[in-house]
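# Results of the structural survey
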Amino acid sequence: MSGSCQQPGYRPQTPSHGQPLWLLAELTYKCPLQCPYCANPKDFADFSTELTTDEWLRVFEEGRKLGAVQLGFSGGEPLVRQDLITLISEARKMGYYTNLITSGVGLNEHKVASFREAGLDHIQVSFQASDESVNNMLAGSEKAFQQKLKMAREVKAQGYPMVLNFVTHRHNIDRIDRIIELCVELEADYVELATCQYYGWAFENREQLMPSRAQLERAERITNEYREKLAAQGHPIKLIFVTPDYYEERPKPCMNGWGQVFLTVTPDGQALPCHSARMLPIEFPNVRQHALDHIWNESFGFNHFRGYDWMQEPCRSCDEKEKDFGGCRCQAYMLTGDACNADPVCSKSEHHGLIVAAREEAEAPTDKPLLFRNERNSRVFCKS
Ligand code: FES
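Model, not experiment: these values are computed from the prediction.

Turning to the pattern of salt bridges, a few remarks are in order. With the rule as written, the count across this model stands at 21 salt bridges. In this structure, the salt-bridge partner of arginine 221 is glutamate 225, at a minimum N-O distance of 3.3 Å. Pair noted here: arginine 221 and glutamate 225 are both in helix H9 (residues 213–232), with a separation of four residues, about one helical turn. Residue class for glutamate 225 comes out partly exposed when judged on its relative accessible area of 43%.

Right, dumping it as structure tokens:
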């Protein structure tokens, strides 16, 4: 399989593109938990030189000038960063809508109050499961579940909307009713029931995580029943059920198109059009060497898959290409070795059989152990 899809000498043009409305700051790869479905790169232990506070603030300033309006703080676990309050308050002064994406581990009532004072707009707390033992097994921490419950309640008590995220997979999806009931008990306002997407560590664990079609259909049906029941009771909770693309016949328009609205910066300053692009055989710029304006508008990496010229068949002549942009470049690369191929989720792709085979694999449970995301396991994937 070839790693690069372009013809020798290919230089992407600079097709029209939007502004990076959504800036995601992956502040650190450090994390006290070890979820096997983490989308971080498997070789994260290779990238340890984190951007300084001043470097992040320069990135935020440049992002605002480019039109970014929403700033997400994620990781790893962003609470690990000692300068988080400074980053939040400075970003808020710049006019960003700020969003903290956290496991809740490392949070306490004083920190929530400080974030509120610093102007943080939104906190999303993630759970691994509704059952304490499953949650803690997946998180790799005995205390994680109780801590999350406490912090979810604290976030709500301090006036934030309660936004919860559950990544669902074959180990927790059969308890979707209990997950929803827990969210109701916690007075959640928004709940994302996001079926695992297979990137990073999740791709490594796909066989152990992917639910069967029957599990998925049942979970969706139960979610719909709860939606109706809760709406009839006048409950304001919003349940967002995200289906996995592995059970679709057409690919998702990943990131709303490459380099169109989304820009992520990794802990060590690499700028990417999506959170997974680091694995692609493409050179991406670093904010330590280049201004964000150059990165977004001029860089090879960001222009690489803009427009339609890069497409091969069947995408090139497909009448849906303006809707799905050929799907996900990272998924095409992971599964076929060529990032210019159609995303194999598409039934028109000659590689669609890979997706069908993964679905068939999901029908038979495996006893293969999960590979947890931690520094020791990451070293196996590191080049240095
Ligand atoms: Fe990278 Fe879809 S995750 S393009």
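After that view, the rundown keeps rolling.
Reading across from one edge, E7-E6-E5-E4-E3-E2-E1-E8-E9 is the order of the nine strands in this open sheet, with mixed pairing throughout. The two strands at the open ends of the sheet, each matched to only one other strand, are strand E7 (238–242) and strand E9 (271–272). Inspection of the sheet shows strand E8 (residues 262–265) paired to E9 by two bridges, in the antiparallel sense. Looking across to E9, one finds that threonine 264 is bridged to leucine 272. Against the sheet, helix H6 (residues 176–185) touches strand E4 (122–127), strand E5 (163–168), strand E6 (190–195) and E7, its axis set at about 170° to E5.

The subject of this paragraph is the packing of aromatic side chains. Aromatic rings considered in pairs are described by the distance between their centres and by the relative angle of their planes. Counted under the stated rule, the structure contains 15 aromatic pairs. Centroid distance tryptophan 56 to phenylalanine 60: 5.8 Å. Interplanar angle 35°. Geometry classified as tilted. One end of the pair is tryptophan 56 and the other is phenylalanine 60, both in helix H1 (residues 53–66) and four residues apart, which spans about a single turn. Look at tryptophan 56 and you get buried, because its relative accessible area is 0%.

Counting 84 residues, the largest nonpolar core has Trp56, Phe60, Phe73, Phe115, Phe127, Leu164 and Phe166 as its most contacted members. For this core, the element with the highest residue contribution is helix H5 (residues 144–157), accounting for six residues. Mapped onto the domain boundaries, this core takes at least three residues apiece from domain 1 (22–247) and domain 2 (254–363). In this structure, phenylalanine 166 is in contact with Phe127, Ala129, Ser130, Ile179, Leu182, Cys183, Val191, Glu192, Leu193 and Ala194, ignoring residues within four places of it in sequence. Ranked by size, the runner-up nonpolar core spans 19 residues in total, among them Met311, Cys315, Cys340 and Ala342.

Reading the values: rules and limits
- Residues numbered from 1 in each chain as written.
- Predicted model: local features only at pLDDT ≥ 70, side-chain atom pairs only at ≥ 80, totals over all residues.
- Heavy atoms only, no water.
- Salt bridge = Lys/Arg side-chain N within 4 Å of Asp/Glu carboxyl O.
- Helix = DSSP H or I, 4+ residues; strand = E, 2+ residues; numbered from the N terminus.
- Buried < 20%, exposed > 50% of the residue type's maximum accessible area, 1.4 Å probe, protein only.
- Pairing = 2+ DSSP bridges.
- Contact = heavy atoms within 4.5 Å.
- Axes fitted to C-alpha atoms, helices over the stretch in contact; angles between N-to-C directions.
- Phe/Tyr/Trp six-rings, centres within 6.5 Å; stacked < 30°, edge-to-face > 60°.
- Core = buried A, V, L, I, M, F, W, Y, C linked by side-chain atoms within 4.5 Å.
- Domains from an automatic or database assignment.

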